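Survey of secondary and tertiary structure
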Amino acid sequence: MRIMVFFMLFIFSQFLNLASLSANNWGLEKQKLEHGKCDSIILHYDGEVWNTVYHGFNMWLNDIFGFDDNDIFAIGKNGTILHYNGKSWEEQKSRITSKLTQIWGNSRNNIYIVGDHGTILHHDSIEWRSLEHYVGNWLSGIWGFHDDCIFVVGSLGKILHYDKEAWKEQNSNTTNWLYGVWGNGEDDIYAVGDYGTVLHYNGKKWEKSVQITNKRLMSVWGTDPNNVFIAGADGIILHFDGTKWSNHASNTSNWLRMIWGIDKNNIISVGDDGTILHYDGTKWIKHKSGTNYLLLGIWGNRKDNIYIVGYNPESHH
């Protein structure tokens, strides 16, 4: 009897091994199956290498923003909002279905998200709620200086300013789509967009800067008034030194979708086909991302703790 039981257990174990081998040969093991279905990823940089730390499903992550190691938000399509508590990424209720494009906040009690169909969400540390402002434009970028100085940009040259009382439209003097906004203070703000559009706000009005390209400009960021960067189509990177704009050699023709940094010697730009570029204060160096996804959002609080979000462009059709 014991011999028969042993024989049956042996046969069963062999069957399991064969099933496992067959699954592996066909790429059916759990990890690869999940990776094959995922359309969004979150990458983390530890100062040496980039590693994938999260696979998302039906999210198309567009941006990421945080306050410390245990308090990070990632946003995407269909009102997707993820929150990282230091251990895991968990979905939060946004109560909307619009695509969310960019997130910014100046404190845990004051976070804003913008998106399609004029979406503006606000989080007060308790819940997300939609703000009514009666603008139907697609909103692409947001940046703020403090509670009563927040700017939002979007389609048809739309620029909104929040003064802690209401969202008011400002005259941008353009109908070109604006994708990015960033500033050094209330009277030194840049907005960038289609056809090489670079706008500057002096605290009173928006004016066009000297145009040096007709390419789409996607993102703007800087460390101070004399060190401003813009990234965009075909790998273009522009730099302002306080006097004039010049071209930086990015050594890539891939579109760059976002530029952001920790300091003047640690600036990151990301884009198509898994492109990650790092600026060390002298030159741009390409990093190995380990993915061919479209990379869109960047945030970090140290040079050895940086996150990037993106999605598989093939899943976006």
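Everything discussed here concerns the structure shown above.
What this report covers is the structure whose coordinates are included nearby.

Procedures and definitions
- Residues numbered from 1 in each chain as written.
- Predicted model: local features only at pLDDT ≥ 70, side-chain atom pairs only at ≥ 80, totals over all residues.
- Heavy atoms only, no water.
- Pairing = 2+ DSSP bridges.
- Helix = DSSP H or I, 4+ residues; strand = E, 2+ residues; numbered from the N terminus.
- Axes fitted to C-alpha atoms, helices over the stretch in contact; angles between N-to-C directions.
- Core = buried A, V, L, I, M, F, W, Y, C linked by side-chain atoms within 4.5 Å.
- Buried < 20%, exposed > 50% of the residue type's maximum accessible area, 1.4 Å probe, protein only.
- Contact = heavy atoms within 4.5 Å.

Turning to the sheet that holds strand β2 (residues 50–56), a few remarks are in order. Taken in spatial order, the 4 strands of this open sheet run β2-β1-β28-β27, and their pairing is antiparallel. This sheet does not close on itself; its edge strands, each paired only once, are β2 and β27 (294–302). Strand after strand, the sheet turns through a mean of 20° between neighbouring axes, direction not considered. Judged from the 6 bridges that link them, strand β1 (residues 40–45) and β2 form a sheet pairing that is antiparallel. Directly across from Ser40, in β2, lies its bridge partner Gly56.

Next up on the list: the sheet that holds strand β19 (residues 217–224). Strands sit in the order β19-β20-β21-β22 across an open sheet of 4 strands; the sheet is antiparallel. Either end of the sheet is taken by a strand with one partner, and the two such strands are β19 and β22 (245–248). Mean inter-strand twist for the sheet, computed between neighbouring axes without regard to direction, equals 25°. For strand β20 (residues 227–232) and strand β21 (residues 237–240), the ladder comprises 4 bridges, and the chain directions are antiparallel. Counterpart to Val228 in the pairing with β21 is Phe240.

Residues Ile42, Ile64, Trp89, Tyr112, Phe151, Trp167 and Ile308 are the most contacted members of the largest nonpolar core, which totals 86 residues. It is strand β12 (residues 149–154) that provides the largest number of residues to this core, a total of 5 residues. Excluding anything up to four places from it in sequence, Trp89 contacts Ile42, Tyr54, Ile64, Ile72, Ala74, Leu82, His83, Tyr84 and Tyr307.

Before going further, it helps to examine the side chain of Ser155. Residue position: Ser155 is located in the loop between β12 and β13 (159–162). Relative accessible area serves as the criterion here: at 8%, Ser155 is assigned to the buried category. Residues in contact with Ser155, not counting those within four places in the same chain, are Asn137, Trp138 and Trp177.

In this section: the environment of Gly196. With respect to the helices, strands and loops of the structure, Gly196 is situated in the loop between β16 (188–193) and β17 (198–201). Between the C-alpha atom of Gly196 and that of Gln211, which follows or precedes it by 15 residues, the distance is 6.3 Å. Discounting residues that sit within four places of it in the chain, Gly196 has contacts with Gln211, Thr213, Asn214, Lys215 and Leu217.

Nothing here speaks to function; it is geometry throughout.
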